[in-house]
Amino acid sequence: MKKIAKFTLALAALAIAGTATFAKPKKNKVVKIGAIQLVEHPALDASYKGFVDGLKDAGYEDGKNLKIIYENAQGEQSNCVTIADKLISQRCDIIFAIATPAAQAVANKTENIPILVTAVTDPKTAGLVESNEKPGTNVTGTSDLTPCAAQIQLLKKIVPNAKKVAMLYCSSEENSRFQINLAKTECDKLGLSYVDATVSNTNEVQQVVQSLVGKVDAIYTPTDNMIASTMATVSLITTPAKIPVICGEEGMCKSGGLATFGINYYELGKQTAKMAVEIINGKKPRNMPIQYLDTCDFTYNKETAEAIGITIPADLLK
């Protein structure tokens, strides 16, 4: 089993979310929520679990006063479209969309049903809202924007002799491109050179990562759904080659990445559940700002660190 250590840090600059006071559920009212998840991997799975648990905490329990119709697209955009049609035809009260392609598929199909998104880095860039501060559409939710600059600083701190970094991501994922641009800006500030290592499907991951061996000092990968779902494959190459991989989130570390400053996707899901309750009680998505978590976790994989000969600086472990 992978050994994971995690330490929580405050990120006040990212905080927009507030606390919510729950109204009691209405008697004899069954709320129907359709849930569409892009693909199975630990971060998105945790978001869904947090959402369900958050609703339960607020008095909404599946099988009692809540009906959840859950569908997983297995990473296929065409499946997202099919599922979107299905959930709309089911006349859901709310549709909960996990990850950008899932959110876009639903948003392109309905302007009437409230849509809550999560694990979407920048809803504005994704074309889901008019602005993150005032959506102006039937879409709102929570962003999984991580501190990309801090992650690059972490890379430099853990691998101080690094000169060249590979940016590993899916070229068609808008969230990934957004994060990579932030990461590149920080690399420029720190004097790190970088090279894009892009994939368009999971079958390309092994070959692309293998091509980096001996050519880069480290790899950075953001909260990219395709890379997250194939992180075990990545680590099978990078660990023996002693290439440290700084990741966008904790689940990628569990699968063999070295370290991250990342958000807690379970808590992100619970935060989205609070927004769902507000919508159930009459609030309109168009007037609900996109929310962010105000903490992040420093997480590292002890086994990976030992295997590649990396010593984690003591101040990160406090």
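Structure: see above.
Report follows, based on the coordinates. Since the model is a prediction, treat every value here as computed from it, not as a measurement. (Residues numbered from 1 in each chain as written. Predicted model: local features only at pLDDT ≥ 70, side-chain atom pairs only at ≥ 80, totals over all residues. Heavy atoms only, no water.)

### Side note on unusual backbone geometry
Generally, phi is negative for residues other than glycine and the peptide bonds are trans, each holding for most cases. In this model, glutamine 74 sits at a positive phi of 55°, which is unusual for a non-glycine residue. Within the element layout of this structure, glutamine 74 appears in the loop between β3 (66–72) and α2 (77–89). In the Ramachandran plot, arginine 91 falls in the positive-phi region, its phi being about 55° despite a non-glycine side chain. Within the secondary structure, arginine 91 is located in the loop between α2 and β4 (94–98). (Helix = DSSP H or I, 4+ residues; strand = E, 2+ residues; numbered from the N terminus.)

### Regarding the pairing of strand β8 (residues 193–199)
Here seven bridges tie strand β7 (residues 164–170) to β8, and the two strands are oriented parallel to one another. Within β8, the residue paired with valine 165 across the bridge is tyrosine 194. Regarding the hand of the β-α-β motif, the stretch spanning β7, helix α5 (residues 174–190) and β8 is right-handed. (Pairing = 2+ DSSP bridges. Right-handed = clockwise from strand over helix to strand, strands pointing away.)

### What about helix α3 (residues 100–107)?
Here α3 lies mainly inside the structure; seven of its eight residues are buried. The complete set of buried residues in α3 reads Thr100, Pro101, Ala102, Ala103, Gln104, Ala105 and Val106. Close packing links the buried residues of α3 with β2 (31–37), α2, β4, β5 (115–118) and α5. (Buried < 20%, exposed > 50% of the residue type's maximum accessible area, 1.4 Å probe, protein only. Contact = heavy atoms within 4.5 Å.)

### As for the pattern of salt bridges
Following the criterion strictly, the structure yields 10 salt bridges and no others. With a shortest N-O distance of 3.4 Å, glutamate 61 and lysine 64 are connected by a salt bridge. Since its relative accessible area comes to 27%, glutamate 61 is described here as partly exposed. Two residues, aspartate 85 and lysine 109, come together in a salt bridge whose shortest N-O distance is 3.3 Å. One end of the pair, aspartate 85, is in helix α2; the other, lysine 109, is in the loop between α3 and β5, with 24 residues separating them in the sequence. Looking at lysine 109, the relative accessible area reads 39%, which means it is partly exposed. Linked by salt bridges that have partners in common, Lys56, Glu61 and Lys64 make up one network. (Salt bridge = Lys/Arg side-chain N within 4 Å of Asp/Glu carboxyl O.)

### Comments concerning empty space enclosed by the protein
For the structure on display, the rule yields one cavity of 30 Å³ or more. Approximately 60 Å³ is the volume found for the largest cavity. Mapped onto the lining of the largest cavity, the elements with two or more residues apiece are α1 (42–57) and α7 (225–229). (1 Å grid on protein atoms, 1.4 Å probe; cavity = no way out; pocket = protein on both sides within 12 Å on 5 of 7 lines; lining within 4 Å. Points joined across faces, edges and corners; volume = space filled by probe spheres on them.)

### Considerations on the packing of aromatic side chains
Counted under the stated rule, the structure contains four aromatic pairs. Summarising the aromatic geometry, the rings of tyrosine 48 and tyrosine 70 are spaced 4.5 Å apart at their centres and angled 45° between planes, so their arrangement reads as tilted. Of this pair, tyrosine 48 sits in helix α1 while tyrosine 70 is found in strand β3, placing the two residues 22 residues apart along the sequence. Tyrosine 70 gets classed as partly exposed once you look at its relative accessible area, which sits at 33%. An aromatic cluster of at least three residues, connected via ring pairs, comprises Phe261, Phe298 and Tyr300. (Phe/Tyr/Trp six-rings, centres within 6.5 Å; stacked < 30°, edge-to-face > 60°.)

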